[in-house]
Amino acid sequence: MTESLLAVRGLGKHFVSGNETVPVIGKLSFTLGQGQSLALTGRSGSGKSTLLNLLCGLERPDAGTIVICGEVFEAGGTVALRTAKAWSALRRQRIGVVFQEANLMPALSLLENVRFRARLAGRDPAKSEDWLTRLDIGDLAQRYPDEVSGGQRQRAALAMVFAMEPALILADEPTGSLDRHTSDDVTRVLFDLQARYGCGLILATHDAELAAGCQQHLDLGHSGAV
């Protein structure tokens, strides 16, 4: 039986626009085991990015519970210092986030970006160049982000995430800004490495082919239990 990495129970989130309360996520429940993958789909505004932000502690839920990597986070009440520190530690060491636009530091080379992320997670930075090589950009290690293509930057962003050896990867439209060929290459690498190292993956995407590569599927336009 696959050990549970993440359990979401009755999760709810709304925003306020003027005098109107706008529900985004309502009574959402699902689980994700180690090494499993989940695709989040749905129209724009259905809550995909909001859910990812909730799952890494950048947004606070209005209802429900998130159990992740053994930490329990309940909705409601004030944000305790312990809770804030727990989320910060998870983002630093256990949860890797991949965005549509690669979040690289422009003043650092690709290799320096990966080394920095590894050190931040308490991992061995000596492995950083190896990660770039596994992602087929080892020959670009000393180049800066503005000296490589969008696909190469996204591969470097994946190298940063895998260098931290995360328990869970949250990917928000990671290939949305790439052409079809580059998107297919980046997707292949992401799924291959995720399967090889047994981390969980939650992927928000509009791409039906990308979603089909995941073991589970949750349409937030018709959200419910998975």
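These numbers were taken from a predicted model, which means no experiment stands behind them.

## Some remarks on the overall build of the chain
Within the chain, the secondary structure is distributed over seven helices and nine strands. What you see for the chain is a C-alpha radius of gyration of 17 Å, in line with the 17 Å of a compact globule of 226 residues. Seen through its principal axes, the chain has C-alpha atoms that stretch 50 × 45 × 40 Å. Looking at the chain residue by residue over its 226 residues, the buried ones come to 46%. Element-wise, carbon and sulfur atoms account for 48% of the exposed surface of the chain, whose accessible area totals about 10900 Å². Counting 23 positive and 25 negative side-chain charges, the chain places the centres of these two groups 7 Å from one another.

## Regarding empty space enclosed by the protein
Empty space among the atoms becomes apparent when a probe as large as a water molecule is rolled across them. On inspection of all chains with the given rule, the structure shows one cavity of 30 Å³ or more. What lines the largest cavity is Arg123, Asp124, Lys127, Trp131, Ala163 and Glu165. For the lining of the largest cavity, the residue count by class is two nonpolar, no polar and four charged.

## A few points about the packing of helix H5 (residues 150–163) against helix H6 (residues 180–197)
Contact geometry of H5 with H6 gives a least axis separation of 10 Å together with a crossing angle of 10°. In this view, H5 runs roughly parallel relative to H6, as classed from their interaxial angle. Listed contacts from H6 to Gly151, Gln154, Arg155, Leu158 and Phe162 of H5 are Thr182, Asp185, Val186, Arg188, Val189, Leu190, Leu193 and Gln194. Residues that form the contact of H5 with H6 fall into these classes: six nonpolar, four polar and three charged.

## Things to note about unusual backbone geometry
Look at cysteine 69: it is not a glycine, yet its phi comes out positive at around 50°. When you line up the elements, cysteine 69 lands in the loop between strand S4 (63–68) and strand S5 (71–74).

## Details of the nonpolar core
Buried together is how nonpolar side chains tend to be arranged in soluble globular proteins. With 36 residues, the main nonpolar core has Leu110, Leu132 and Phe162 as its most contacted residues. Taken together, the elements giving at least two residues each to this core come down to helix H3 (110–120), helix H4 (128–134), H5, strand S7 (168–172), H6, strand S8 (200–204) and helix H7 (208–212). If one sorts the elements of this core by residue count, H5 sits on top with eight residues. With near-sequence residues (within four places) excluded, leucine 132 lies in contact with Leu110, Leu111, Val114, Ile137, Gly138, Ala141, Ala156 and Ala159.

Quick notes on the rules
- Throughout, a residue's number is its position along its own chain's written sequence, starting from 1.
- Given that the model is predicted, a residue must reach a pLDDT of at least 70 before its local features are reported, and side-chain atom pairs must reach 80 or more before they are shown or counted; all residues, however, enter totals for whole chains, interfaces and linings.
- Remark: hydrogens and water are excluded; side-chain values derive from all non-hydrogen atoms of the structure.
- Runs of H or I in DSSP of at least four residues are treated as helices and runs of E of at least two as strands, each being numbered from the N terminus.
- For this measure, only C-alpha atoms enter the radius of gyration; the expected value for a globule follows 2.2 Å times N^0.38, where N is the number of residues.
- Each residue gets one of three labels from its accessible area relative to the maximum for its type: buried under 20%, exposed over 50%, partly exposed in between, using a 1.4 Å probe on protein chains only.
- To measure how exposed things are, a 1.4 Å probe is used in the Shrake-Rupley method; for residues, cover is taken only from the protein chains shown.
- Only four residue types enter the charge count: Lys and Arg as positive, Asp and Glu as negative, with His and the chain ends excluded.
- Charge coordinates come from a single atom per side chain, which is NZ of Lys, CZ of Arg, CG of Asp or CD of Glu.
- As defined here, a cavity is a set of points on a 1 Å grid over the protein atoms alone where a 1.4 Å probe fits but cannot get out. A pocket is an open set with protein on both sides within 12 Å along at least five of seven lines, and residues line them when an atom is within 4 Å of a point.
- Grid points are joined across faces, edges and corners, and a volume is the space filled by probe spheres set on the points.
- Gly is put with the polar residues, along with every residue not named as nonpolar or charged; the nonpolar set is Ala, Val, Leu, Ile, Met, Phe, Trp, Tyr, Cys and Pro, and the charged set is Asp, Glu, Lys and Arg.
- Helix axes use the C-alpha atoms of the stretch in contact, all axes being lines fitted to C-alpha atoms, and the angles between their N-to-C directions lie in the range 0 to 180 degrees.
- Each angle gets one of four labels, with under 35 degrees taken as roughly parallel, over 145 as roughly antiparallel, 65 to 115 as roughly perpendicular, and the rest as oblique.
- The contact rule is simple, with two residues in contact once any of their heavy atoms fall within 4.5 Å.
- Grouping buried Ala, Val, Leu, Ile, Met, Phe, Trp, Tyr and Cys residues that are joined through side-chain atoms within 4.5 Å yields what is termed a nonpolar core.

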